[in-house]
Amino acid sequence: MTPIIAFRGVGKRFAGVTALSDVTFDLMTGECHAICGENGAGKSTLMKILSGVITKYDGEISVRGRPVAFRGTRDAEVAGIAIIHQELNLVEQLPAAANIFLGREKRTPFGLLDDAAMEREAATLLTDLECPVDPRTPAGVLRVGDQQLLEIAKALSLKSDVLIMDEPTSALTETEVARLDRVIAQLRQRGVTILYISHKMDEVFRLADRITVLRDGRYVKTVDRVATTPREITGWMVGREIANHDFHGARSRGEKVLGVRDLTLPWPEHPRGYRLKNVSLDLHAGEIVGIAGLMGAGRTELLETIFGATEPTWTGTILLDGRPVRFIHPKEACDAGIAMVTEDRKRLGLFPDLDVAANVSLCGLRAALRGGLLSRGREEALVASPIRETAVKSAGPHAAITGLSGGNQQKCIIGRWLLVKPRILLLDDPTRGIDVGAKAELYQLIDRLCREGLAVVVTSSELSELLTLADRILVLAEGRLTAEFSRAEATEQSIMEAATGGQAPR
Amino acid sequence: MNLSGTSGSGWRLPRHELALLGAIVLVFVGTGWLDTNHTYFVNWSESRDIILRNTSLLGIIALGAAVVIIAGGIDLSAGSMVAFSATTCALLLAVFSEVDDKRLVTVPPLGIAVAIGGAMLSGLLVGTLHTWLITSIRLPPFVATLATLVGLRSFARAMCLFVTKERWGSESQQINVNTPFFAWLKEHNVWISTGTFLVLAFVTWLILSRTVLGRHLYALGGNEQAARLSGIRTENVKWFAYCFGSLTAALAGIFLMADSSVAQPGNLARGYELNAIAAAVVGGCSLQGGIGTVTGTVFGALFLRLVIDAVSKLIKASADVYEGMIVGIIVALAVTLTQFGQLAKAGRTLFPGSRGLAAIPTIATFAGLLAMMGAANVEAFRGRTGLLGVVVGGGVLLLLSAIRWTEGRSVS
């Protein structure tokens, strides 16, 4: 077999952060090649480079032995490379056939759209893919599984011979997964090379010929499927040096402050039907509980439900100091002493038009009033203590928040919540996109707050972080709680197995 | 550490306001000097009154528009709201007057108080309706206020027909108001509306920059999701914003009714909402929300009215024909100028590709036609307007072609 695509020293840096470095491996003609890695391992970046979304990178990519430099997705399409994104790329209002031929519409001799020809060809393509939908159906009406096949049909009509599939089963039902497996087998018979991105071990071991593991943006190794085990792969996915912070000094666990019983959050438009199912947890003052789980496992939804930030359609019980509560607005949770630092800082946390002081003071502004009006002096005095406590480095309280580093922005947001003196602090992936030094500072801050009696729930996409911080770790997989570990019991390996559903009770 | 920061109200807005102030002075001095009649010097008090009256009327509505825009919304209904409030006011006066007093000469003080209170209350009602449509039905603000833009005026007309028929037995499209109080308001309307505008501007400034509510308005407009997740009751903040927007329009309605001694819902204040939004935008409010100041909005309104006045003085044409064009050009220019830096930073050019090539003769044609029409009203160009049009159009064509040529060179 000859390599159809060769990666040689491929790397990518985003504003000083290395997302991918020195990836070298070959993709053989006609194989199904799986790429495995944790969140943030660089899988998506690599695929964006290969599909022409990212055009500036280090290293070299060759297709059929010839070096290429794609200037856009169009170039990659011409070279026969198509990608099925996790977030599908369809114009929902247009019919299925029109989506397949978008940008390459067939025309009659008079220059008008030849819908009949397009529908005919689309019908043939879709029937081949076991997708018996009317090509005139608007794409938005189709089920997710059918939409995905629509994208595959589009790739086939482009005569693509390399198909990248980015976690294709994340939104599929079991029957749809089985159908996708058959479609993949069929594609391989036609000689299509498949690059399959997933962190679900069962799929990878069912479909792939070879497996490449990425970790922290670096290439780990490529192995034949028959020569390895799921356990070995998960080991390579997480097997980094664990940063050694020592927070083992006795934290004293106090009274139970929060109890969640059988929390279920429905998700009507999704085949799974729920975002969270029967989740229970306890939280005590002076304790840090970590929530592990892959993207989409329901970590954010769990915190948002407790905080009253989701639609109040959930069932189950949330007990605050033993009393059942049901918050329908974050303000109510806030008044009850719960604070939440959101996952996506830019989208859900920062106010880019406000300065540092205004960003920090927002939740506790009433304390800055003098005679009913805001006093600049009082506001500065008010924010001085959280800014000092969280050690924000900025040019002063009236500096632009957008000029701060990610770590300092995050400290500002934590400081914002410290102003309301919460008893429960929910931290959703608090160190995402933050450099190593700032991470260590945040760990110390969280540890200190906990020692002062705060009850903390922290989620993270980095397992080492949870092992460093948490007293107990709960693992979510696809909306269900699959394991609970004490700090002593937990290892990255065991958490990863529970999170990928490998050995967890389903 | 952060002097080169990309945003932050710390320095950008004052700079924007200073530039506006400079532009205001420039237009003012330029008009006084270039105007062949020298109206600003010869007949200063009349010019002053016209500018002040028009500016405060526009400014009152613009303050409302600014608050809504800062909160991340938009209110297209202001013009219709003005008509609705004026009609409500006049109809309540009619209800409280003697039946045979169809010109509404004598209305008891209680009637006047109720009429003014009712007009303001109509603003609260409309603001509440907007908030409900936007927060509960989840209509986009554009759609919700577009509906009331169209609907309110028609509602006001129907109301006018209904009350006049019930009260006087004959339907009428308008109601005359000759109550002494409103006549007095009309007589002193320059100082009263200017005073009201300034007080309102001060109150708005106080709310926006010195209260918790004001901070929440900026937070809501800057990042609605984050505001909600920070425990801000965003729905209530929106309620304030839309009520404030409608209330300012209602206030303007009372002044406008007094000014014309008649409430005529069919045509009153048509298109005012767009001028108000334009004033806010020229004053530095970002339609993305979260950015804007009272000072900027006041300057924006003054600048718009000054330029409209200047054009009517310079080409001696009736101002309302050119008003739309002037507002359009100023808004486009003001926003272009504030985005110039980003345009350059992103490496984009003004006239890229074939689209750019097509835009050059388009702009030149418009410029030539405009020059020709404008020159028709100026004595010096009598009989040579066509020539002037060709010269200006050709000049613009050459200038823009030169810009495109240099852009092309700097890219390659």
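Calculation criteria
- Along each chain, numbering runs from 1 in the same order as the chain's sequence is written.
- Just so you know, chain letters begin at A and ligand numbers begin at 1, following the order they were written in.
- pLDDT decides what is reported in this predicted model: residues at 70 or higher carry local features, side-chain atom pairs at 80 or more are listed and counted, and totals for whole chains, interfaces and linings draw on all residues regardless.
- We count a stretch as a helix when DSSP gives it H or I for four or more residues in a row; a strand needs E for two or more, and each element gets its number in order from the N terminus.
- Computation of the radius of gyration draws on C-alpha atoms, with the globule rule given as 2.2 Å multiplied by the number of residues to the power 0.38.
- Burial is judged by counting the other C-beta atoms within 10 Å of a residue's own C-beta: 20 or more makes it buried, 12 or fewer makes it exposed, and any count in between marks it as partly exposed, with every C-beta position built from the backbone.
- Two residues form a contact once the distance between their C-beta atoms, set from the backbone, is within 7 Å.
- We define the nonpolar core as any set of buried residues of the types Ala, Val, Leu, Ile, Met, Phe, Trp, Tyr and Cys, connected via C-beta atoms lying within 7 Å of each other.
- Here an angle of 0 to 180 degrees is reported between the N-to-C directions of two axes, which are lines fitted to C-alpha atoms, with helices fitted over the stretch in contact.
- The scheme is simple: roughly parallel for angles under 35 degrees, roughly antiparallel for over 145, roughly perpendicular for 65 to 115, oblique for anything else.
- In this scheme the crossing of two helices becomes right-handed for a clockwise turn of the near helix relative to the far one and left-handed for an anticlockwise turn of less than a right angle.
- Each residue gets one label: Ala, Val, Leu, Ile, Met, Phe, Trp, Tyr, Cys and Pro are nonpolar, Asp, Glu, Lys and Arg are charged, and the others, such as Gly, are polar.
- The pLDDT value expresses, per residue, how confident the predictor is, ranging between 0 and 100.
- Each domain's limits were defined by an automated method or a database of domain assignments.
- Here a strand pair is declared whenever DSSP counts at least two bridges between the two strands.
- Multiplying 1.5 Å by the helix residue count minus one yields the expected span of that helix.
- Think of it as the arc spanned by the lines of direction from the helix axis to the C-beta atoms.

A. Structural context of the overall build of chain A. When helices and strands are tallied, chain A shows 17 helices and 22 strands. Whereas a compact globule of 506 residues would reach a radius of gyration of roughly 23 Å, chain A reaches 25 Å, a difference of no more than 12%. Once the C-alpha set of chain A is aligned to its principal axes, its extents read approximately 80 × 55 × 45 Å. Split into buried and exposed, the 506 residues of chain A put 48% on the buried side. Contacts in chain A between residues far apart in sequence, at least 24 positions, make up 68% of those at least 6 positions apart.

B. Inspection of the overall build of chain B at higher detail. Along the backbone of chain B there are 16 helices and two strands. Relative to the globule expectation of 22 Å for 412 residues, the C-alpha radius of gyration of chain B, 24 Å, shows essentially globular dimensions. Across its three principal directions, the C-alpha atoms of chain B cover 75 × 65 × 35 Å. Sorting the 412 residues of chain B into buried and exposed places 43% on the buried side. Within chain B, contacts between residues at least 6 apart in sequence are counted, and of these 75% link residues at least 24 apart.

C. Layout of helix H1 (residues 43-50) of chain A. Residues and elements named next belong to chain A. Burial within H1 is extensive, with eight of its eight residues counted as buried. Among the residues making up H1, those that are buried are Lys43, Ser44, Thr45, Leu46, Met47, Lys48, Ile49 and Leu50. The positive-phi residue at the C-terminal boundary of H1 is Gly52, with phi of around 85 degrees.

D. Fine view of the environment of Ala98 of chain A. All names here are of chain A. Secondary-structure assignment places Ala98 in helix H3 (residues 96-100). Judged by the 21 C-beta atoms lying within 10 Å of it, Ala98 is buried. Measuring from C-alpha to C-alpha, the distance between Ala98 and Ala139 comes to 9.0 Å, with 41 residues separating the pair along the chain.

E. Local environment of the nonpolar core. Among the nonpolar cores identified, the biggest contains 252 residues, and Leu426 and Val456 of chain A together with Val82, Cys89 and Leu304 of chain B are the most heavily contacted of them. Contacts of Leu426 of chain A, omitting those with residues within four sequence positions, involve Leu303, Ile306, Phe307, Ile338, Ala339, Met340 and Val457 of chain A.

F. Quick look at the packing of helix H12 (residues 272-282) of chain B against helix H13 (residues 294-315) of chain B. Residue and element names in this part refer to chain B. Between H12 and H13, whose axes approach to 7 Å, the crossing angle comes to 120 degrees. Classified by the interaxial angle, the pair formed by H12 and H13 is oblique. You can see that H12 and H13 cross each other, and the crossing is right-handed. The segment H12 lies against H13, with Asn275, Ala278, Ala279, Ala280 and Val282 engaging Thr297, Gly300, Ala301, Phe303 and Leu304. For the contact of H12 with H13, a count of residues per class yields seven nonpolar, three polar and no charged.

G. Quick look at the confidence of the model for chain A. Residues with a pLDDT of 70 or more make up 95% of chain A, whose mean pLDDT is 88. Under a pLDDT of 50 for its full length, residues 502-506 of chain A has, in the predicted model, 11 contacts with residues more than four places off or in other chains.

H. Up close: unusual backbone geometry. Phi at Asp22 of chain A takes a positive value of approximately 50 degrees, unusual for a residue other than glycine. Mapped onto the elements, Asp22 of chain A comes out in strand E2 (residues 17-28).

I. Up close: the domain arrangement of chain A. Considered domain by domain, chain A is made up of domain 1 (3-80 + 160-238), domain 2 (90-156), domain 3 (256-337 + 422-499) and domain 4 (353-413). Once you take the C-alpha centre of each, domain 2 of chain A and domain 3 of chain A turn out to be 43 Å apart.

J. Fine view of the pairing of strand E20 (residues 455-459) of chain A. Residues and elements named next belong to chain A. Burial within E20 is extensive, with five of its five residues counted as buried. Side chains Ala455, Val457 and Thr459 of E20 all project onto a buried face; the interleaved residues Val456 and Val458 project onto the opposite face, where all are buried too. Bridging between strand E13 (residues 288-292) and E20 involves four bridges; their strand directions are parallel. Residue Ile291 lies in a different strand from E20, and its bridge partner there is Thr459. The pairing of strand E19 (residues 424-428) with E20 spans five bridges and is classified as parallel. Paired with Leu427 across the two strands is Val458, which belongs to E20.

K. Geometry of the domain arrangement of chain B. Taken domain by domain, chain B consists of domain 1 (12-345) and domain 2 (353-411). The C-alpha-based centres of domain 1 of chain B and domain 2 of chain B are spaced at 35 Å.

L. Structural detail: the interface of chain B and chain A. With 25 residues of chain B in contact, the opposing surface of chain A contributes 29 residues. Of all elements in the fold, only helix H9 (212-222) and helix H10 (224-229) of chain B reach the threshold of two or more residues within the side of chain B that touches chain A. In terms of residue count, the dominant contributor to the side of chain B that touches chain A is H9 of chain B (five residues). Taken together, the residues of the side of chain B that touches chain A sort by class into seven nonpolar, 14 polar and four charged.

M. Structural context of the packing of helix H8 (residues 230-238) of chain A against helix H17 (residues 492-499) of chain A. Residue and element names in this part refer to chain A. At a closest axis distance of 9 Å, the pairing of H8 and H17 adopts a crossing angle of 115 degrees. Our pair here, H8 against H17, has a crossing hand that is right-handed. Along its contact with H8, which presents Thr234, Gly235, Met237 and Val238, the element H17 presents Glu492, Gln493, Met496 and Glu497. Tallied by class, residues from the contact of H8 with H17 come to three nonpolar, three polar and two charged.

N. Molecular detail of the pairing of E19 of chain A. Residues and elements named next belong to chain A. Most of E19 sits out of view: five of its five residues are buried. What you see with E19 is no split at all: Ile424, Leu426 and Asp428 on one side and Leu425 and Leu427 on the other are buried throughout. Inspection of the sheet shows strand E16 (residues 338-341) paired to E19 by four bridges, in the parallel sense. The partner of Met340 across the bridge, within E19, is Leu426.

O. Highlighting the environment of Tyr274 of chain A. All names here are of chain A. Structurally, the position occupied by Tyr274 is in strand E12 (residues 273-284). Residue Tyr274 is classed as partly exposed on the basis of its C-beta count, with 19 C-beta atoms lying within 10 Å. Those residues in contact with Tyr274 that lie beyond four places of it in its chain are Thr264, Leu265, Pro266, Trp267 and Gly479.

P. Broad picture of the environment of Lys43 of chain A. All names here are of chain A. With respect to the element layout, Lys43 can be found in helix H1. In sequence terms Lys43 and Leu20 are 23 residues apart; their C-alpha atoms lie 8.6 Å from each other. The residues contacting Lys43, other than those within four sequence positions of it, are Ile35, Gly37, Ile197 and Leu214.

Q. Region of interest: the confidence of the model for chain B. Looking at chain B, the pLDDT average stands at 89 and 94% of residues meet or exceed 70. Per-residue pLDDT stays below 50 along residues 1-13 of chain B; that stretch engages in 24 contacts with residues further than four places along the chain or on separate chains.

R. Quick look at helix H8 (residues 189-210) of chain B. Residue and element names in this part refer to chain B. For H8, which comprises 22 residues, the first-to-last C-alpha distance of 30 Å matches the rise-based estimate of 32 Å (1.5 Å per residue) to within 8%. Where H8 is concerned, the buried positions are Asn189, Ser193, Phe197, Leu200, Ala201, Thr204 and Leu208. Mapping the buried residues of H8 onto a view down its axis gives an arc of 110 degrees, with all of them on the same face. In H8, the exposed positions angled more than 90 degrees off the buried face are occupied by Gly195, Val199, Phe202 and Val203. Summarising the contacts, the buried residues of H8 are in contact with helix H3 (44-70), helix H7 (180-187), H9, helix H11 (234-260) and H13.

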